[in-house]
Structure formats: structure tokens, C-alpha cells
Amino acid sequence: MAKPKASKRTLDSYTVKHLARTIKAGDCVLMRPSDPLNPSYVARIDRIEADSRGANVKIHVRWYYRPEESIGGRRQFHGSKEVFLSDHYDIQSADTIEGKCTVHSFKSYTKLDAVGNDDFFCRFEYNSTTGAFNPDRVAVYCKCEMPYNPDDLMVQCEGCSDWFHPACIDMTVEEAERLDHFFCEGCSAEGQKKLQNSHSASRHSDTKVDTKRRRRC
């Protein structure tokens, strides 16, 4: 006689004993990789399931892919903490969870004062079969017309408000960080005229040109 299947039940939350951390659906977690030399996998929990006795806990996850795991691999504008929300679903033992993490929206990530080891960001959904991304286009900046990589320092032109990589405007990072004012090549003549006509106090103010880059703690 066939053995009846053990009944399963969905848990609202579950405390991972070896971490002393409670997880629930919607949380993002770090999962143990098959190769210990690889970084932890990143996943979002869709559902937590256990047998009728509350044992043998399984988590239904939706995987995030790192750029190097995608078709085409890592590109210049991909951030070191960037992940893609994939269409790859799986069921894993709760014992393979290594810790909790946070996957921020791109906008939220760029507003962080500092980035921790467990902070990631996502701006694309990824089709693991076709290699397609959604959205398939994002804003580009600088003369190089590349999407923003939050790991890289950029400076903003006071004329057109576009952002530029120091290397693309023949500057070092150190030079860019010391700038009081910056006008790109296209705005330079008009910008210099504005500066000359501005109040003399502005030339001696402590205001620095806007720069952006995420700091890591």
C-alpha cells in the first residue's frame, strides 16, 4: 500500500535556531552556496512550509542573481552589491540559511549614508532563460553614456545637472573631490560667466560641487 503523503502547513514565521533569527515571507536571506568558495546566494522568501509536527521546515524562495551569474556577465555599470530579481523559484531547507539581508530599491540604496555587508540593491528583473532584463533601458550619464554605478564617484555639472566620471573629464578622483565648482565642456563658457557675475562671497563659501558615491562600512 502506498504510504500517504505527510500533510504540510504554511508557517507565518520561523526562528532559525542556528542564527537565533526569525524569518517570514517577504524577507531576504543569504543562502549557503554549493561551493564554499563562492559568495552566499541571495533569495527572497515567498513561503515557509513545515510538516504536521512543525519539523522539516522548507522555504520557497525566488532567487536573486548576481551580475556574474547572468547571461553576458558583469558589466562596467553593475555595482558590487547589485543583484537581479530572477524568475527562478526553488524550495530549500531552512537549515541552509546563513543570515538575513536587505535588498533595497535602487533609489533607496543611493540614499544610504553607508553600505553594510548585508545591504544589496536591485533595479532589474531578470529572465534566467532568455537573459532579458526588465526594464530594458535605464537613464545614462556622462560622456560615456553609461548607467549609474553607485560604487563610482561622479560630479555634477552646475549648468546642465548631468553627472560625470572624473576619468571621463580628465580628472583624478582626488581632484574631483576638491572641486568647488564644476561645469562640463558644453556648459563651461556660460558657467564661468555666471561665476564671475555671482556674489564675491560665493567664491569663498564652503559649498562644494555635488558628488555621489555610496560609502561602505
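One can find the structure itself at the top, above this paragraph.
Source: prediction; values computed, not measured. (Residues numbered from 1 in each chain as written. Predicted model: local features only at pLDDT ≥ 70, side-chain atom pairs only at ≥ 80, totals over all residues. Heavy atoms only, no water.)

> Give me the overall build of the protein chain: which residues, what numbers.
Along the backbone of the protein chain there are 3 helices and 14 strands. Across the 217 residues that make up the protein chain, the buried fraction comes to 38%. Long-range contacts, defined as pairs at least 24 residues apart, comprise 57% of the intrachain contacts of the protein chain with a sequence gap of at least 6. Just so you have it, the protein chain exposes about 13,400 Å², and 47% of that area is on carbon and sulfur atoms. (Helix = DSSP H or I, 4+ residues; strand = E, 2+ residues; numbered from the N terminus. Buried < 20%, exposed > 50% of the residue type's maximum accessible area, 1.4 Å probe, protein only. Contact = heavy atoms within 4.5 Å. Areas by Shrake-Rupley, 256 points an atom, 1.4 Å probe, with all protein chains shown as cover.)

> An account of the packing of aromatic side chains is needed here, citing residue identities and associated values.
A complete count under the given rule lists 11 aromatic pairs for this structure. Geometrically, the ring pair formed by F84 and F133 is edge-to-face, given 4.9 Å between the ring centres and 85° between the ring planes. Of this pair, F84 sits in strand β7 (residues 84-93) while F133 sits in strand β11 (residues 133-134), and the two are 49 residues apart along the sequence. Residue classification places F84 among the buried positions, given a relative accessible area of 0%. Taking the centre distance of 4.5 Å and the plane angle of 35° together, the rings of Y109 and F121 count as tilted. Taken as a pair, Y109 in helix α1 (residues 106-110) and F121 in strand β9 (residues 119-122) lie far apart in primary sequence, 12 residues in all. (Phe/Tyr/Trp six-rings, centres within 6.5 Å; stacked < 30°, edge-to-face > 60°.)

> Give me the pattern of salt bridges: which residues, what numbers.
Evaluation of the coordinates by the stated rule reveals 7 salt bridges. A salt bridge links D27 to K100; the shortest N-O distance between them is 3.4 Å. Taken together, the residues D27 in the loop between β3 (21-24) and β4 (28-31) and K100 in strand β8 (residues 97-105) connect sequence positions 73 residues apart. Here the salt bridges share partners, and the residues they tie into one network are K24, D27 and K100. (Salt bridge = Lys/Arg side-chain N within 4 Å of Asp/Glu carboxyl O.)

> Report on the side chain of H78, specifying residues and quantitative values.
Tracing the chain through its elements places H78 in the loop between β6 (58-65) and β7. Apart from residues no more than four positions distant in its own chain, H78 is found in contact with P67, G73, F84, R123 and N149.

> Explain unusual backbone geometry residue by residue, including any values.
Across the junction of N134 and P135, the peptide omega takes the value 0°, indicating a cis bond. Note on placement: P135 falls in the loop between β11 and β12 (154-156). Positive phi outside glycine occurs at N56, with the angle close to 50°. Residue placement: N56 occurs in the loop between β5 (41-51) and β6. The class for N56 is exposed, based on a relative accessible area of 52%. With a phi angle near 50°, E145 is a residue other than glycine that sits in the positive phi range. Along the chain, the position of E145 falls in the loop between β11 and β12.

> Go over the pairing of β5 with me, naming the residues and quoting the values.
The pairing of strand β1 (residues 8-11) with β5 spans 4 bridges and is classified as antiparallel. When the bridges of β5 are listed, R9 appears paired with A50. Of the pairings in the sheet, the one linking β4 to β5 comprises 4 bridges and is antiparallel in character. Considered in β5, the bridge of M31 is made with Y41. Relative to β6, β5 runs antiparallel, the two sharing 7 bridges. Each residue of the ladder has a partner; that of V42, found in β6, is Y64. (Pairing = 2+ DSSP bridges.)

> Any chance you could break down the nonpolar core for me, citing the residues and the numbers?
The biggest cluster of nonpolar side chains holds 22 residues, and the ones touching the most others in it are Y14, I23, I48 and I59. When residues of this core are traced back to their parent elements, those giving at least two are β2 (13-16), β4, β5 and β6. Ignoring sequence-local partners within four residues, the contact set of I48 consists of R9, T10, L11, S13, Y14, I23, K24, A25, V57, K58 and I59. Core analysis: the second largest hydrophobic core is formed by 15 residues, C142, I169, L179 and F183 among them. (Core = buried A, V, L, I, M, F, W, Y, C linked by side-chain atoms within 4.5 Å.)

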